Amino acid sequence: MLILVINSGSSSLKYQLREVAADGTEPAEPVVAQGLVERIGVPGSGVDNHAEALEQIDAELEQVLQGRTIDAAGHRVVHGGERFKAPTLVTMEVIRAIERLAPLAPLHNPAAAQGLRAIAEKWPDMPQAVVFDTSFHQSMPEEAWRYALPDALYTENGIRRYGFHGTSHDLVTGIAAETLGIQRAEFNAVILHLGNGASATAIRGGASVDTSMGYTPLAGLVMGTRSGDVDPSIITHLIRNGAYDAEQMDRMLNKESGLLGMTGNADMRQVIDSAHAGHRRSRTALKVASYRLAKYVGGYHVAVGGAQAVVFTAGIGENSAPFRSAVLDRLEPLGIAYDAEANLERSEAARVISTEDSAIPVLVVPTNEEMAIAQLTLTVAQDHGALER
Ligand code: AMP
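Values in this document were obtained by computation on a predicted structure and should not be read as measured data.

What counts and how
Residues numbered from 1 in each chain as written. Predicted model: local features only at pLDDT ≥ 70, side-chain atom pairs only at ≥ 80, totals over all residues. Heavy atoms only, no water. Helix = DSSP H or I, 4+ residues; strand = E, 2+ residues; numbered from the N terminus. Rg over C-alpha atoms; globule rule 2.2 N^0.38 Å. Buried < 20%, exposed > 50% of the residue type's maximum accessible area, 1.4 Å probe, protein only. Contact = heavy atoms within 4.5 Å. Areas by Shrake-Rupley, 256 points an atom, 1.4 Å probe, with all protein chains shown as cover. Lys, Arg positive; Asp, Glu negative; His and termini not counted. Charge placed at Lys NZ, Arg CZ, Asp CG, Glu CD. Expected span 1.5 Å × (residues − 1). Axes fitted to C-alpha atoms, helices over the stretch in contact; angles between N-to-C directions. Parallel < 35°, antiparallel > 145°, perpendicular 65-115°, else oblique. Left-handed = near helix turned anticlockwise from the far one by under 90°. Nonpolar A, V, L, I, M, F, W, Y, C, P; charged D, E, K, R; others polar. Core = buried A, V, L, I, M, F, W, Y, C linked by side-chain atoms within 4.5 Å. Phe/Tyr/Trp six-rings, centres within 6.5 Å; stacked < 30°, edge-to-face > 60°. Lys NZ or Arg CZ within 6 Å of the ring centre and 35° of its normal. UniProt positions renumbered as here; feature names shortened; annotations may be inferred. Polar contact = N/O pair within 3.5 Å; in protein donor to acceptor, adjacent residues only side chain to side chain. Near = heavy atom within 4 Å. Pairing = 2+ DSSP bridges. Salt bridge = Lys/Arg side-chain N within 4 Å of Asp/Glu carboxyl O.

### So, the overall build of the chain
Secondary structure assignment for the chain yields 15 helices and 12 strands. Against the compact-globule benchmark of 21 Å for 389 residues, the chain has a radius of gyration of 21 Å, which places it among compact chains. When the 389 residues of the chain are sorted by exposure, 49% land in the buried category. Within the chain, residue pairs in contact and separated by at least 24 positions form 64% of the contacts whose partners lie at least 6 positions apart. Accessible area for the chain stands at about 18200 Å²; split by element, carbon and sulfur atoms hold 50% of it. Across the chain, the 32 positively charged side chains and the 47 negatively charged ones have centroids separated by 7 Å.

Set out below in structure tokens:
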């Protein structure tokens, strides 16, 4: 079967066409086609909206499809609020519900809804599923998702911790449990998704019980361009004294902070190279980022009642041996010990990099959000009888 995986940004539409069998198995080369339409709605780009972007994609796919039809589409949606606790088959009511959640994700949810509407109009018979970044974290207990703010901010405005990167944390949890031969329902772990955006998730019994991103993806770890946790009074102070307005503050915290703000470079590879070359600001940024991450691991080890694994994934987690060791060196008080050679090895497969006598195994597990979305789309469509098993 052919599943079209769609990731709609406010001005972009990324797609991957994937081959998957009805039983969920994939061929050796599952990606049939992929691409990106950018600058949607930007004057002069020639692409006014998501429907036009879809026409462009359709033309690109025509060559590849050679008469075959796409069986289903799966969309990544950033925010599912409290309503969506699992991947969902799309109806017009679901699209409207995603639009109603726009205040929680003003750039992303309206774009996703446009992508959904465009496909529903172009291919009305094609089943579509939505997979949310937030839904995996809906299992968090209230003590993890509540902020200590006036009650009405939650009850009337929905201000609470939601968490993100759920598709990746979910996938990687399952692979890590399988790699270690532990039943997922009995698996406690700390998952570290370290990409350009980064989050840590506490897994208890295979489910999310806490996560470092919050109401938005800004909270938690030091990221490529996001600050992660800061004292909120810094923000009121800077706005009050006129240094920033709300827009500038938003940009500074999300786009000009993190590794970029501290070093001038958002890319971990360059920060590491520059730290090795002796540049003080890069060395400091690595210390701040690894120290903060290690504190989260310690905290989540408690939150899950004793983790059975620490798992690294995403761009930095999978590829940066130096950053992994900077974090793991700080976890020695937990009895964690890693094998320096295994840490340096590169592989596409899930692997253990801890020593035999480490108190807790440490794993590196490659993530693949597109693959997960395709699989979830297939399952949702089959469960509703929209695709054959
Ligand atoms: P992702 O968002 O998962 O695609 O991760 C992207 C980030 O991974 C980039 O911004 C890089 O900082 C980081 N990255 C990728 N490869 C490496 C590497 N070999 N060493 C360090 N960082 C890497």
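From this point, the narrative continues.
### Considering helix α15 (residues 369–383)
Between its first and last C-alpha atoms α15 spans 21 Å; for 15 residues at 1.5 Å apiece the expected length is 21 Å, and the two agree. Residues of α15 that are buried in the fold lie against β1 (2–8), β2 (13–19), β4 (72–77), β5 (88–89), β6 (128–132) and α6 (166–180). Once α15 ends, the next one or two residues include Gly385, with phi positive near 70°.

### Some points on the packing of helix α2 (residues 92–100) against helix α3 (residues 108–122)
The geometry of α2 relative to α3 is characterised by a closest axis approach of 8 Å and an angle of 160° between their N-to-C directions. Between α2 and α3, the crossing angle belongs to the class labelled roughly antiparallel. The two elements α2 and α3 meet at a crossing, and its hand is left-handed. When α2 is examined against α3, the residues Met92, Ile95, Arg96, Ile98 and Glu99 are found in contact with a partner set consisting of Asn109, Ala113, Leu116 and Arg117. In terms of residue class, the contact of α2 with α3 is made up of 5 nonpolar, 1 polar and 3 charged.

### Quick notes on the nonpolar core
Leu192, Leu194, Phe312 and Phe323 are the most contacted members of the largest nonpolar core, which has 42 residues in total. Listed by contribution, the elements that provide at least two residues to this core are β7 (189–194), β8 (198–204), α10 (268–276), α11 (280–303), β10 (310–313), α13 (321–329) and β12 (362–364). Tallying contributions element by element places α11 first for this core, with 8 residues. Here Phe312 is in contact with Leu192, Leu194, Gly317, Arg324, Val327, Leu328, Val362, Leu363, Val364 and Val365, once residues within four sequence places are set aside. Of all hydrophobic cores here, the second largest spans 20 residues; its members include Ile6, Leu17, Val47 and Ala118.

### Some details on the packing of aromatic side chains
Using the criterion set out here, one finds 4 aromatic pairs in the structure. For the ring pair Tyr162 and Tyr215, a centre distance of 6.3 Å and an interplane angle of 45° mean the geometry is tilted. Linking Tyr162 in the loop between α5 (151–155) and α6 with Tyr215 in the loop between β9 (207–211) and α7 (232–240), this pair joins segments that are 53 residues apart in sequence. You can call Tyr162 buried: its relative accessible area is 2%. On the basis of an interplanar angle of 75° and a centroid distance of 5.6 Å, the ring pair of Tyr296 and Tyr300 is categorised as edge-to-face. Within this pair, Tyr296 and its partner Tyr300 are both found in helix α11, separated by 4 residues, close to a single helical turn. Exposure remark for Tyr296: the relative accessible area of 16% places this residue in the buried category. A residue is classified by how much of its surface remains accessible, and Tyr300, at 5% relative accessible area, is buried. Here the guanidinium or amino end of Arg160 rests over the ring plane of Tyr162, the centre of that ring lying 5.0 Å away.

### Topic: the UniProt feature "binding site: substrate" (unreviewed entry) in the chain
With numbering aligned to this structure, UniProt lists the feature "binding site: substrate" (unreviewed entry) at Arg76. On the secondary structure map, Arg76 appears in strand β4. Residues contacting Arg76, with those up to four places away along its chain left out, are Ile6, Asn7, Ala112, Val131, Asp133 and Ile373. At 3.4 Å, the side chain of Arg76 forms a polar contact with the side chain of Asn7.

### With respect to the site of the ligand
Around the ligand, the surrounding shell consists of Gly195, Asn196, Asp267, Met268, Arg269, Ala314, Gly315, Ile316, Asn319, Ser320 and Arg346. One of the side-chain nitrogen or oxygen atoms of Asp267 is found 3.3 Å away from an oxygen atom of the ligand. Separating a nitrogen atom of the ligand from a side-chain N or O atom of Arg346 is a distance of 3.4 Å. Considering the ligand on its own, with 500 Å² of exposed area, one finds that the protein chains cover 71% of that surface. Mapped by element, the contributors of at least two residues to the shell around the ligand are α10 and α12 (314–319). Looking at the shell around the ligand, the element that brings in the most residues is α12, giving 4 residues. Partitioned by chemical class, the residues of the shell around the ligand number 3 nonpolar, 5 polar and 3 charged.

### So, the sheet that holds β4
Taken in spatial order, the 6 strands make up an open sheet running β3-β2-β1-β4-β6-β5, and their pairing is mixed. Edge strands, defined here as strands with exactly one partner in the open sheet, are β3 (31–37) and β5. In this structure, β4 lies alongside β6, joined through 5 bridges in parallel fashion. Bridge assignment links Val77 to a residue of β6, and that residue is Phe132. Contacts from helix α1 (residues 50–65) reach β1, β2 and β3, with the element oriented near 30° to β2.

### Some words on the pattern of salt bridges
This structure, assessed with the given rule, holds 15 salt bridges. For Arg76, the salt bridge identified is with Asp133, shortest N-O distance 2.6 Å. Pair noted here: Arg76 is in strand β4 and Asp133 is in the loop between β6 and α4 (142–145), with a separation of 57 residues, a long-range link. A residue is classified by how much of its surface remains accessible, and Arg76, at 24% relative accessible area, is partly exposed. Ionic pairing is found between Glu93 and Arg100, a salt bridge with its closest N-O pair at 3.6 Å. The exposure class of Arg100 is exposed, given its relative accessible area of 55%. One continuous salt-bridge network, built from bridges that share partners, spans Glu55, Asp58 and Lys122.

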